[in-house]
Every structure is written in structure tokens, then in C-alpha cells.
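Examining the three-dimensional arrangement
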Amino acid sequence: MSYYRKSVYRSPTGSSKPEVLGSEILQRLLNHDVNLGGSFIEATGSQGSAKTSVLLFFAEYNMNVYPKEKVFWSNPYKAPMQFLRLQEDQWHIFVKEGSNVTFHDRAKRLRQVHPANLSYFKSYDDLYDNAIPGKCNAVFFGDRKEWIDFMGYIVSVGEWTAVFFDELSEIASGYSSGDDWRKIGEFSLTLKELRKCLVTCVVNSQSSSDTDHRVRTKLMAKIFLPGAKSDGKSRVHQQAIDNLVVDRQNGNESWIEMDGRFGLVVWSDVYPPSKVSWEARCDGLQR
Ligand SMILES: Nc1ncnc2c1ncn2[C@@H]1O[C@H](COP(=O)(O)OP(=O)(O)O)[C@@H](O)[C@H]1O
Ligand SMILES: [Mg+2]
């Protein structure tokens, strides 16, 4: 297996047992093996704990090691577009035709900008077929909830695909009712299929309790970054999380838990904020 940039792991030689276990779990999640299938992973931690950076790391690994596969990114509206922290030739924006999605520069009083790497799509077929393999395809439907339907489409394709949800709780809030609640139920059933449908989905939220419990119970692995709350069901104790090292230079530590086992991972790839701070907006949309 080849690594680009710095290695994520400390060398197994001389590593402590938690580090060896941590890198074993991470390898299982990063590398594609049809016998093991896809996975559903959540990173939690306080603001600035590098949750989004963990998503960027998984995305970049997928793009580099599996350049023929498709990678999709779901970004919140009215918040910095985090995929811009990748290199400019590593991302492409897709906007649903007729959706009124516009892009704005947060450093220039939200003046409208027109990103160059941008295409429009009419249908899910159109979007999936035109998504660029080996790049981070950031998709804007105009309403973030539409990702629930698009995830249903992705699992039906049957190809290795990676999907990233920055701030998942916006889509699958733990405090929904009525139609939203039913729709999130549908989403949780889709997420249950990820393993056999070869889809890897990595999500983050500040606190796992912000996310609907029907969605959370489908998680296969959890990453606890500094400031995370242990969720009660986890084998990782709060005290262990509180002792995680925060290191802006060499990377934050985290606990990674899967199938009742857990280990330590240091995220040594540091993703600084992008130079441009652009956000997406959609007229008349609250979220
Ligand atoms: N692997 C890392 N370890 C430590 N700090 C990091 C890492 N990656 C990024 N950072 C720094 O931490 C800050 C917050 O990162 P970010 O991923 O946006 O956190 P969050 O999504 O949890 O708010 C960024 O400004 C970045 O420079
Ligand atoms: Mg973030």
C-alpha cells in the first residue's frame, strides 16, 4: 500500500498497543475489500478539534488510492465550503439546474463569486455519470435534505463510492417531527445498506446526540476527537477522551472504535483553513 504526504500512523515498530489497534481499525476503514464492504463512520469532537479535517483526510486518501472511484461531498449552506481546503484541481462543484444556488465570498461582504470548476446537472443519473472520478465532487441541490434521496440512488449503483457529510445533524437532526422524521427514517434504512453496497460514508457532528438515533445506531465506527462526549454505549470512557492530546502542528489524537475494539489514531495530516472563504446560499432556504 502506498502512502502520499505524511503517513497517518506512527510507525508500528515501538508503537503502543492502542496505536497498533488504532491503525488496524483505520486500515480496515480506509482500504476497500469486497469481503468486508463499505462502512459508516462518525467523527465527533468540539469545534476546532479537526472533525472536518478527518473527513478531508478520508476523502483525499480515497481520491489518491482509488482514483477510479467517485467521491461526493455534502457541505452546509451559509458556512465555509470545506472542500476548498483541498487543492484546486482536487474538487469540482455540481449544482442542480434551476435550484437558485449561488456562491459568495465571506471576506468581501458576501459578494457573489463564480467558481470555475462548476457544472450543472438535471437528474441523479446525470449527476452520478458526470461526477469526476478521483476528485471531490461537492454537490448542491438547493436543499440539503435532498441528499437523503441521492444516497438512496448511490446505494443502488453498486460501485465503490465515498460520501462525506460535514455536519450531518443538519440533515438527520435528533429533533425532527412529521415528514422530516419519516424521511430521516428512510435515510437510516439506506445507511444500513452501506456495507453490502460498497459505499463508505464518513460524517461528523459536534455531539453525536445532535443526530437522529435511528441513524446513529447504523454507525459501524466512531472517532472521538478532543472534546467529544462518550455516548454511553461506547467502550471509550470520557476520561480517556479528556486525556487526548491536542497538537495543531503534529496532529490531534483520537480514539477510534469499531466492533467493540478501540485504539488510538493521530491525525498527522493537518488541513489549514483555505485561503478563500466561500459559502453557498440558496434563496428562500433556511438551512
Ligand atoms: N489533523 C489535525 N490536527 C490538529 N489540528 C488540525 C488538523 N487538521 C486541521 N487542524 C487545524 O484545526 C483547525 C480546525 O480544523 P477543522 O477540521 O475545521 O475542525 P472542526 O471541523 O472540528 O471544527 C483548523 O484551523 C486547522 O488548521
Ligand atoms: Mg467542521
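Rules and cut-offs
- Residues numbered from 1 in each chain as written.
- Chains lettered and ligands numbered in written order.
- Predicted model: local features only at pLDDT ≥ 70, side-chain atom pairs only at ≥ 80, totals over all residues.
- Helix = DSSP H or I, 4+ residues; strand = E, 2+ residues; numbered from the N terminus.
- Rg over C-alpha atoms; globule rule 2.2 N^0.38 Å.
- Contact = placed C-beta atoms within 7 Å.
- Core = buried A, V, L, I, M, F, W, Y, C linked by C-beta atoms within 7 Å.
- Buried ≥ 20, exposed ≤ 12 C-beta atoms within 10 Å, placed from the backbone.
- Near = placed C-beta within 6 Å.
- Nonpolar A, V, L, I, M, F, W, Y, C, P; charged D, E, K, R; others polar.
- Pairing = 2+ DSSP bridges.
- Axes fitted to C-alpha atoms, helices over the stretch in contact; angles between N-to-C directions.
- Parallel < 35°, antiparallel > 145°, perpendicular 65-115°, else oblique.
- Left-handed = near helix turned anticlockwise from the far one by under 90°.

**Looking at the overall build of the protein**
Counting its regular elements, the protein contains eight helices and 13 strands. Here the C-alpha radius of gyration of the protein, 18 Å, is about what a compact globule of 287 residues would show, namely 19 Å. If you line up the protein on its principal axes, its C-alpha atoms span 55 × 40 × 35 Å. Within the protein, contacts between residues at least 6 apart in sequence are counted, and of these 77% link residues at least 24 apart.

**Points about the nonpolar core**
In terms of nonpolar packing, the biggest core is built from 70 residues, with Ala59 and Val163 touching the most fellow members. For this core, the leading source of residues is helix 2 (residues 51-65), giving eight residues. Each residue touching Val163, except ones within four places of it in the same chain, is listed here: Phe72, Met151, Ile154, Val199 and Cys201.

**Remarks on the site of ligand 1**
Ala50, Lys51, Thr52, Ser53 and Trp267 are the nearest of the 17 residues found near ligand 1. Looking at the shell around ligand 1 residue by residue, the class counts come to six nonpolar, eight polar and three charged.

**Some words on the sheet that holds strand 10 (residues 221-224)**
Sheets are built from strands that pair by backbone hydrogen bonding, the pairs being arranged parallel or antiparallel. Judged by pairing direction, the sheet is mixed, and its ten strands sit side by side in the order 6-3-7-2-8-9-1-10-11-12 without closing on themselves. Edge positions in the sheet fall to strand 6 (118-121) and strand 12 (261-266), since each has one partner strand and no second. This sheet shows a mean twist of 20 degrees between the axes of neighbouring strands, independent of strand direction. Judged from the four bridges that link them, strand 1 (residues 39-44) and strand 10 form a sheet pairing that is parallel. Within the sheet, the bridge partner assigned to Ile41 lies in strand 10 and is Ala221. Contacts from helix 1 (residues 17-30) reach strand 1, strand 10, strand 11 (253-258) and strand 12, with the element oriented near 90 degrees to strand 12. Its contacts with the sheet put helix 4 (residues 147-157) on strand 2 (70-74), strand 8 (161-165) and strand 9 (199-205), and the angle it makes with strand 8 is roughly 165 degrees.

**A word on the packing of helix 4 against helix 5 (residues 178-192)**
At their nearest, the axes of helix 4 and helix 5 sit 9 Å apart, and the two run at 25 degrees to each other. In terms of their interaxial angle, helix 4 and helix 5 are classed as roughly parallel. Remark: the crossing between helix 4 and helix 5 carries left-handed chirality. Between helix 4 and helix 5, the contacting residues are Ile148, Met151, Gly152 and Val155 on the first element and Lys183, Glu186, Phe187 and Thr190 on the second. Residues that form the contact of helix 4 with helix 5 fall into these classes: four nonpolar, two polar and two charged.

**Description of the pairing of strand 2**
The buried count for strand 2 comes to five of five residues, which makes it a mostly enclosed element. Covered by surrounding structure in strand 2 are Lys70, Phe72 and Ser74 together with Val71 and Trp73, the residues of both alternating faces. With five bridges joining them, strand 2 and strand 8 adopt parallel strand pairing. Across the sheet, residue Lys70 finds its bridge partner in strand 8, namely Thr161.

**Some remarks on the environment of Phe262**
Looking at where Phe262 falls in the secondary structure, it is placed in strand 12. Phe262 sits 238 residues away from Glu24 along the chain, and the two C-alpha atoms are 9.7 Å apart. For Phe262, the residues in contact, after removing those within four places along its chain, are Leu21, Arg235, Val236, Trp255, Ile256 and Glu257.

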